[in-house]
Amino acid sequence: MKSTIDNSSPTPRKGIRRYWSSFRQFFAQTPLLGWLFGLLLASILENLIGYSLARTIGLSKPPVLFGVDIALKTPHLLPSSLLYDLVIYIIPIVLVVRFLTPLANRLAAGLLRSPMWLSALVHMALLYATLYLWTNVNDYRALVSKLMMVSIIITLSLNVVNGYMGEFSCSHPGFIALGAYIASLVTVGLFVGGDFGFILLPKFLAPFVFPVALILGGAVAALGALLVAFPSFRTRGDYLAIISLAFMFIVKSLFENLEPLGGARGFGNQPNLATLPVVFIWTMLSIWIINNFVQSTMGKALNAVRDNELAADAMTVDTRKTKMVTFLFAAFWAGVAGGLFAHVIRYVNPGTFGLQKLAEVLAMVYFGGLNSVIGSIVGAVGYNLLSEMLRPLELLKWIIIPLLLILVMIFRPTGLIAFREFDLRKILQPKVSPKIEEVENVPPAS
Amino acid sequence: MSLLQVNQMTHYFGGLRAVYNYNLSINPGEIHGLIGPNGAGKTTIFNLITGIYTPSEGDILLDGKSIKGMRPHVIAASGLARTFQNLRLWRHMTVLEHVKLARYSKITYGLSGAFFNTPKRVKEEDDITQKSMELLDIAGIAHLADTVVTNLPYGAQRRVELARAMAIEPKVLFLDEPTAGMNPEEMIQMMEIIRQVKEQFNLAIFLIEHRMRLVMELSDRVQTLVFGEVVAEGLPEEVRNNPLVIDAYLGKEVET
C-alpha cells in the first residue's frame, strides 16, 4: 500500500500528531536569541512578581525548581505550582516566541554578519543575565546552577577521554579531588590561614589569585594523570580502566590519611570565591577550549585512535603522544572543575571523591552522549536537574534515575545526543520559517 | 641507490620463518608488483617495511637512510604511505576528515592552535581542507566529502583509503590489494586512478594484488613470493611464464 507509506496521504492526520507538528512548526522558527529573550523576560517577571504571586496562590515561596520538588513533597500543591509555572514561565515565553520571533530572526541575522565572537558574546551575556536573575530569587537555585556548571566541565573533560578517544578512564574523581585540595590549599593558605601558617595576603587580591589556584589544581591533576598514562598507554585494552580505578582509590585514601588536610573529616573554610560569574566564565572557557580542541585536525586524531589505531599510526598520527596529551588535558579540566567545586561547596572531604562520584560522572557522559560537546552539556544539566528535582523522593530517586539511564542505553546506546558536532554558527543562526504546513496540505497528484 | 631499498630482510614470528632473505628496490615512477598465494607473507612484508613489525635481520633504506626500527608514524611521515587490505577507515569520521587527518604530521599550529583557535590555525586548517579537496577530486569522491565513511559503498571506501594515503604526500605508496572486492568496472577505474597519481606525483608504487590482470598491466617489475621467499622476479611476462610461479599458483603435477 502506497498510502500508508506516503506522508501526504489524503486521510488527514488525526489527534496528537497533528497538534505536535503544528506545535513544532510554531517553535521551529525561533532562533536561540528568541528563546533567550523569552527566558530573560520570564526571569525578570519572576523577580518582580514571583513572591507575591506565590503567596497569592498558596505557596510559601516561589518553587525552587519549577515546582517539581513541591509537587513531590506535598502533592496537594501541584495545581498551584503548575499555575505558577504557567504564569511565570510558559505564558511569557510563548508570548515572546509568538510576537518577537521575526525581530529575533532579524537580530540574529544581523549578528551573524558581525564576527562570530561578538555574536557568541551577546548570546552568552543574555544567558548570563537570565541565569543571574533566575538564581537571584533563591540561594538554593544559585547553588544548583553552580554545581551544574561544574558538572558540565567535568562531563566534557571525561567525554574527551571516554567518548572522543574511546578509552575507558575511571580516575576522574581522583583528578577532581587533586584539583579541589590543591586549589583550596592555595586560597585557604593565602587568605584564611587557620591551621596553615602561610603568609596572609590582603583579601582584595583573592579574586585574582583564584584563577592561579585553579590552574595550579589543574596542573597537579595533570601531573597525576601522567602517572596513570605512563604505564597504561603502552598497550591498548582494559589496562587504563584498571589502573585509573586504582589511581582513584589511591588519591582518595591519600587524602583520608593526610591529617594536616583534615583527613577523613574533610577540609573547609574555603573563601567564597566561586561566585556565579566566576563559575560561568570558567564553564564557557572550558566549553570553548575543549570544543576547539576536538574540532581541530589534531583533535580528530582522537577519533582516529579510537576507531582504528593502526590506521592512525600509518597516517602519521603520533598515537602515543595524542593519547598522553589528551589524557593530561582532560585531567587538567577535571582539576579546574575540582577547584571550583571545592569553592562552591566551601568544604571538601575525601569521601566525596569515591565510587559514587565516578558513577555520577560516567552517567552524565553516557546519558548525554559520547563524542559530543552538546551531549555533555545536556547530560550534565539533565542529570543535575533531575537529581535535584527528584530529591524529595529520597530512596526512590536512586531507582528512577538508574532506570532512566537503562532506558537511554536501550534506545540510544551512545547517549541522547551522540556524535554531533558543536556548530556555533548553526546554533546561533536565524531560523527562516519553513512553511511545512502549506506543503503538507497540498493533495497528492494521484 | 634507489628510493626504497630493502636488503636481505628476514623475519621470524617465534620459530616460524615468515620472510626470508627478501630484497627490494623501487625508484620513483615505478610500479613494483608483489604476488603470491595466500599466506605467502605479502602483507607481512608490508608490515615490516612500514614499521608495524621490526625485521629480525636485514635493513630497510628510504632515500638512503635506514628506517628500520622506527615507529610507524615516523616512517609514514618520512614519505611512506600505505593502504590496507581489509579497509581500516575511521568509522565515525567523514571522508574529508579522513584525508585531512593524514596531514597530521605537517600541522604546525601546535597545541596553542588546537586549544585557542588562533588565526594561524584557521589559515592552516583552510589550506589543509583545500589540498584535501584536490585529492578527493583526483580520487573522484569530492561530492562525498561530508559523508560518514560507513555510509559509503565498498568501492568508494577503497578510494577514500587511497586519497587518505596520498594526503601524506608520500614518495612511496604501498597498495595492499587496492581492488579487492571490486567489480570489473570499479577495478578499471581504480587502475586509472593509480596510473594517474603515479604520473602526477612521480610516485614509487609497491603493489600487492591477487588479480593477475591488474598486476600484469600495471607493474614494471613483479616478484612472486612463496612461503616467505621470492621464487621469481622480473618483467611481468617473464614472471607469468615462469614454471615456478605456475607451480605455486596451480600446484605441481603429481607423477604417479
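Being a predicted model, the structure only gives us computed values, none of them experimental.

A word on the confidence of the model for chain A. All names here are of chain A. When the pLDDT values of chain A are averaged, the result is 87; 91% of them are 70 or greater. Every residue in residues 1-10 scores below 50 in pLDDT, and together they form seven contacts with partners more than four places removed in sequence or on other chains. Taken as a whole, residues 433-446 scores under 50 in pLDDT and shows eleven contacts with residues more than four places along the chain or in a different chain.

Residues and elements named next belong to chain B. Taken together, the four strands give an open sheet; going across it, the order is E2-E1-E4-E5, and neighbouring strands pair in antiparallel fashion. Whereas interior strands pair on both sides, the edge strands pair on one side only; in this sheet they are strand E2 (16-26) and strand E5 (65-66). In the packing of helix H1 (residues 42-49) onto the sheet, the strands contacted are strand E1 (4-13), E2 and strand E4 (57-62), and the crossing angle to E2 comes to about 65 degrees.

Moving on, we come to the confidence of the model for chain B. Per-residue pLDDT for chain B averages 91, and the proportion of residues at 70 or more is 98%. For this predicted complex, the interface confidence score (ipTM) comes to 0.90, while the overall pTM stands at 0.90.

Counting residues at the interface gives 29 residues for chain B and 25 residues for chain A. Taken together, the elements giving at least two residues each to the side of chain B that touches chain A come down to helix H2 (72-77), helix H3 (95-101), helix H4 (110-116) and helix H5 (119-139) of chain B. Partitioning the side of chain B that touches chain A into residue classes produces 16 nonpolar, five polar and eight charged.

What follows deals with helix H7 (residues 184-201) of chain B. Think of an α-helix as turning once every 3.6 residues; residues three or four places apart then point the same way. Residues and elements named next belong to chain B. Here H7 contains 18 residues, and its C-alpha end-to-end distance of 26 Å stays within 8% of the 26 Å for a straight helix at 1.5 Å per residue. Turning to H7, its buried residues number three or more, namely Met-190, Ile-194 and Val-197. Projected down its long axis, H7 shows its buried positions confined to an angular sector of 70 degrees, all on one face. Looking at H7, the residues exposed on the side facing more than 90 degrees away from the buried face are Pro-184, Glu-185, Glu-192, Gln-196, Glu-199 and Gln-200. Where H7 is buried, its residues meet H5, helix H6 (154-166), strand E8 (204-208) and helix H8 (212-218). After H7 finishes, the residue Asn-202 shows a positive phi value of roughly 50 degrees.

Further remarks concern unusual backbone geometry. Residues and elements named next belong to chain B. The residue Asp-63 is not glycine, and still its phi comes out positive at about 60 degrees. Its place among the elements puts Asp-63 in the loop between E4 and E5. Assessed through the 14 C-beta atoms surrounding it within 10 Å, Asp-63 is described here as partly exposed. The phi dihedral of Glu-169 is positive, around 60 degrees, even though this residue is not glycine. Here Glu-169 is to be found in the loop between H6 and strand E7 (172-176). Under the C-beta neighbour-count criterion, Glu-169 is labelled partly exposed, with 15 such atoms within 10 Å.

This part takes up the packing of helix H8 (residues 172-192) of chain A against helix H10 (residues 239-257) of chain A. Residue and element names in this part refer to chain A. Contact pair H8 / H10: the axes reach a minimum separation of 8 Å and the direction vectors enclose 30 degrees. Relative to H10, the crossing made by H8 is left-handed. Where H8 abuts H10, its residues Pro-173, Gly-174, Ala-177, Leu-178 and Tyr-181 lie against Phe-247, Met-248, Val-251, Lys-252 and Phe-255. Class assignment for the residues of the contact of H8 with H10 results in eight nonpolar, one polar and one charged.

With that settled, consider the environment of A:Ala314. Mapped onto the elements of the fold, A:Ala314 is located in helix H13 (residues 309-314). The class of A:Ala314 is buried, set by 29 C-beta atoms lying within 10 Å. The contacts of A:Ala314, once residues within four sequence positions are left out, are B:Thr50, B:Pro72, B:Ala76 and B:Arg82.

This part takes up the sheet that holds E7(B). Residues and elements named next belong to chain B. The six strands are arranged E6-E7-E8-E3-E9-E10 in an open sheet whose pairing can be described as mixed. The sheet is open, and its two edges are formed by strand E6 (80-82) and strand E10 (229-234), each paired on a single side. Here the average twist between neighbouring strands, direction ignored, is 20 degrees. Here E6 pairs with E7 via three bridges, running parallel.

It is worth spelling out the packing of helix H7 (residues 139-164) of chain A against helix H14 (residues 319-345) of chain A at this point. All names here are of chain A. Packing of H7 against H14 leaves a shortest axis separation of 8 Å and a crossing angle of 165 degrees. Considered as vectors, H7 and H14 are oriented roughly antiparallel to each other. Handedness of the H7/H14 crossing: left-handed. Between H7, through Lys-146, Leu-147, Val-150, Ile-153, Ile-154, Leu-156, Ser-157, Leu-158, Val-160 and Val-161, and H14, the contact on the second element is made entirely by Thr-326, Phe-327, Phe-329, Ala-330, Trp-333, Ala-334, Val-336, Ala-337, Leu-340, Phe-341 and Val-344. Along the lines of polarity and charge, the residues of the contact of H7 with H14 split into 18 nonpolar, two polar and one charged.

What counts and how
Residues numbered from 1 in each chain as written. Chains lettered and ligands numbered in written order. Predicted model: local features only at pLDDT ≥ 70, side-chain atom pairs only at ≥ 80, totals over all residues. pLDDT = per-residue confidence, 0-100. Contact = placed C-beta atoms within 7 Å. Pairing = 2+ DSSP bridges. Helix = DSSP H or I, 4+ residues; strand = E, 2+ residues; numbered from the N terminus. Axes fitted to C-alpha atoms, helices over the stretch in contact; angles between N-to-C directions. Nonpolar A, V, L, I, M, F, W, Y, C, P; charged D, E, K, R; others polar. Expected span 1.5 Å × (residues − 1). Buried ≥ 20, exposed ≤ 12 C-beta atoms within 10 Å, placed from the backbone. Arc of directions from axis to C-beta. Left-handed = near helix turned anticlockwise from the far one by under 90°. Parallel < 35°, antiparallel > 145°, perpendicular 65-115°, else oblique.

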